[in-house]
Amino acid sequence: VDETVAEDMKKLEENFKGISQKYRLINRIGEGTFSTVYKAEQLDQPYDDDRENQDPETDTDVLPTKRRKFWSGRHTRIVALKKIYVTSSPSRILNELELLHELRNSPHICPLLTAFRHLDQVVAVLPYFRHLDFRLYYRDFLTNDLRHYFLSLFSGLAYVHKAGILHRDIKPTNFLYDHSKKHGVLVDFGLAERQGTDWQACFCQEHKERRRDRFLNSYAVQNLQAQQDLLSPGYPKQDQRPSRRANRAGTRGFRAPEVLLKCTAQTTKIDIWSAGVILLTLLGRRFPFFNSADDIDAMIEIASIFGKKKMQGVAAMHGSVFETNIETIGEKGFTLEKIVLWASCREKDSEQLRPGEIQAVDLLGGLLELDPNKRLSAKQALEHEFFTNPIE
Ligand code: ADP
Ligand code: MG
């Protein structure tokens, strides 16, 4: 553990007396925009297989019997402590904790064990889930590995979506995968929301409170109708058109077209698109697959695959216009099979995809469908032949 990390952990233990009594911090395992995550060992409870006399506040005993069994065979005494930054508004933090609690019954969602608060600081306690860093394995996935990975991911998403919840930030670092167990769990519900959340109302409320909510900054962005302005050099400095407001929260490269186009009625299908980007990454063996600096760049990257015509169709669907004079963007675009072969450097030697990969690419087509209404749901994805009729 390096010095700054040790200092950081010491500070946390000093701030949270309750935590230092119950846990011994081992290391820092994640540092993101919204939180820092530490690996820690639970102290005050001797390991006990039938776990009858455990403190319900701090153990997997808060979970229903079935779920408790699942976690207790694993890392009963090792937990992940997620320190949520104070820049997240209290309602945001509450939202994350509430959703985690609501979703605790799925084996594909990392459950909330308990949470601590000290003034404006909140620490969520989750069972530690062993996983590898995506960057270490994304090049080596065999078709069967893909199957297990996405079986877990879509099972988790089907559960979240059935509850009417959008995760909003599906990406490899928010889906922890254990190769040896062929099992993965969804984490990080920091941006999750219930479908149908009225963002216009939220903006007004937040505005009144003048909260320094980091999320708000990312909302007020110029309307993408400015696509036409790509024809002239640079962007208009004083765009008179009203800016459109919609929730854009998520991660670069994983945002669905309707998020980029600021559609206000976003659905659970935005998570399916992001899952599609992960599948494309694994099939193409390139990470990050998309590397856009902003939303307009992201539209251009998507357009390079799907072509101008389809992009114009989807833009129109969301009340925007898509126009570009970039030469690499053709009218018609490419098939996903071509893209996968190209990405994995196999297109020159007239190499073919294996039958199992062809199945996966067919599934990919249903995930990276520009029209959210036609895009597969998580449940439909699970019914795809890639899962139901597996071939090598
Ligand atoms: P953030 O909002 O900062 O992205 P996350 O909840 O995504 O927070 O956690 C960040 C990282 O911490 C994850 O990518 C993962 O590596 C690690 N992590 C989070 N929860 C767990 C857990 N339960 N078990 C193991 N590692 C975890
Ligand atoms: Mg995260």
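Bear in mind that the values here come from a model prediction, so they are computed numbers and not experimental data.

Asks: I'm lost on the sheet that holds strand 5 (residues 121-127) in this one. Help?
Replies: Two pairing modes exist for strands in a sheet, parallel and antiparallel, and in both the strands are linked by backbone hydrogen bonds. Taken together, the five strands give an open sheet; going across it, the order is 1-2-3-5-4, and neighbouring strands pair in antiparallel fashion. With partners counted over all chains shown, the strands left at the sheet margins are strand 1 (23-31) and strand 4 (114-118), one partner each. Here the strands of the sheet are splayed against their neighbours by 25° on average, with no regard to which way each runs. Sheet topology note: the strand 2 (residues 35-42)/strand 3 (residues 78-84) ladder contains seven bridges and is antiparallel.

Asks: Hey, could you run me through the coordination of the magnesium ion (ligand 2) in this one?
Replies: For a metal bound by four donors in a tetrahedral arrangement, the ideal donor-metal-donor angle is 109.5 degrees, while six donors in an octahedral arrangement ideally sit at 90 or 180 degrees. Around the magnesium ion (ligand 2), the donor atoms from the protein are N174 (OD1) and D188 (OD), and they sit 2.1 to 2.2 Å away. Remark: D188 occurs in the loop between strand 8 (183-186) and strand 9 (193-194) and N174 occurs in the loop between strand 6 (165-166) and strand 7 (175-178); sequence separation between them is 14 residues.

Asks: Which parts of the structure should I look at to understand the confidence of the model for the protein?
Replies: The predicted coordinates of low-pLDDT regions are not to be read in fine detail. Taken as a whole, the protein shows an average pLDDT of 85; of its residues, 81% reach a score of 70 or greater. Taken together, the stretch residues 206-237 has pLDDT below 50 and engages in 77 contacts with residues farther than four places along the chain or on a different chain. Both scores are available for the predicted complex, with the pTM at 0.86 and the ipTM at 0.99.

Asks: How do you make sense of the pattern of salt bridges when you look at a structure like this?
Replies: Side chains bearing opposite charge may pair, as long as their charged atoms lie close to each other. Applying the stated criterion across every chain yields a total of 19 salt bridges. E41 serves as the salt-bridge partner of R24, at 3.2 Å between the closest nitrogen and oxygen. Remark: E41 occurs in strand 2 and R24 occurs in strand 1; sequence separation between them is 17 residues. Looking at E41, the relative accessible area reads 22%, which means it is partly exposed. Three or more residues joined by partner-sharing salt bridges are found here, namely D8, R28, E31 and K83.

Asks: I tried to follow the site of ligand 1 on my own but got confused; where do I start?
Replies: Near ligand 1 there are 18 residues, and of these S35, K82, F129, T173 and N174 occur at the shortest range. Between ligand 1 and the protein, one listed contact pairs an oxygen atom with a side-chain N or O atom of S35 at 2.6 Å. In the model, an oxygen atom of ligand 1 is placed 3.3 Å from a nitrogen or oxygen of the H131 side chain. Out of a free accessible area of 540 Å², ligand 1 has 91% covered by protein chains. Using a 2 Å cut-off from the grid points, one finds that ligand 1 occupies the largest pocket. When residues of the shell around ligand 1 are traced back to their parent elements, those giving at least two are strand 1, strand 2, strand 3 and strand 5. A breakdown of the residues in the shell around ligand 1 according to their chemical character gives 10 nonpolar, six polar and two charged.

Asks: Before we go on, may I ask you to explain the pairing of strand 5 in this structure?
Replies: Where a strand is regular, its side chains alternate between the two sheet faces. Counting buried residues in strand 5 gives seven out of seven residues, a clear majority hidden from the surface. Of the two faces of strand 5, both are covered, the one formed by Q121, V123, V125 and P127 as well as the one formed by V122, A124 and L126. Across six bridges, the pairing between strand 3 and strand 5 is antiparallel. Within the sheet, the bridge partner assigned to I84 lies in strand 5 and is V122. Summarising the sheet, strand 4 and strand 5 pair through five bridges and their orientation is antiparallel. Paired with R117 across the strands is V122, a residue of strand 5. Counted along the chain from strand 4 to the antiparallel partner strand 5, the turn is two residues long, and its residue L119 has a positive phi close to 50°.

Calculation criteria
- Residues numbered from 1 in each chain as written.
- Chains lettered and ligands numbered in written order.
- Predicted model: local features only at pLDDT ≥ 70, side-chain atom pairs only at ≥ 80, totals over all residues.
- Heavy atoms only, no water.
- Pairing = 2+ DSSP bridges.
- Helix = DSSP H or I, 4+ residues; strand = E, 2+ residues; numbered from the N terminus.
- Axes fitted to C-alpha atoms, helices over the stretch in contact; angles between N-to-C directions.
- Donors = N, O, S within 2.8 Å, 3.2 Å for Na, K, Ca; no water.
- pLDDT = per-residue confidence, 0-100.
- Contact = heavy atoms within 4.5 Å.
- Salt bridge = Lys/Arg side-chain N within 4 Å of Asp/Glu carboxyl O.
- Buried < 20%, exposed > 50% of the residue type's maximum accessible area, 1.4 Å probe, protein only.
- Near = heavy atom within 4 Å.
- Polar contact = N/O pair within 3.5 Å; in protein donor to acceptor, adjacent residues only side chain to side chain.
- Areas by Shrake-Rupley, 256 points an atom, 1.4 Å probe, with all protein chains shown as cover.
- 1 Å grid on protein atoms, 1.4 Å probe; cavity = no way out; pocket = protein on both sides within 12 Å on 5 of 7 lines; lining within 4 Å.
- Sits in = over half its atoms within 2 Å of the grid points.
- Nonpolar A, V, L, I, M, F, W, Y, C, P; charged D, E, K, R; others polar.

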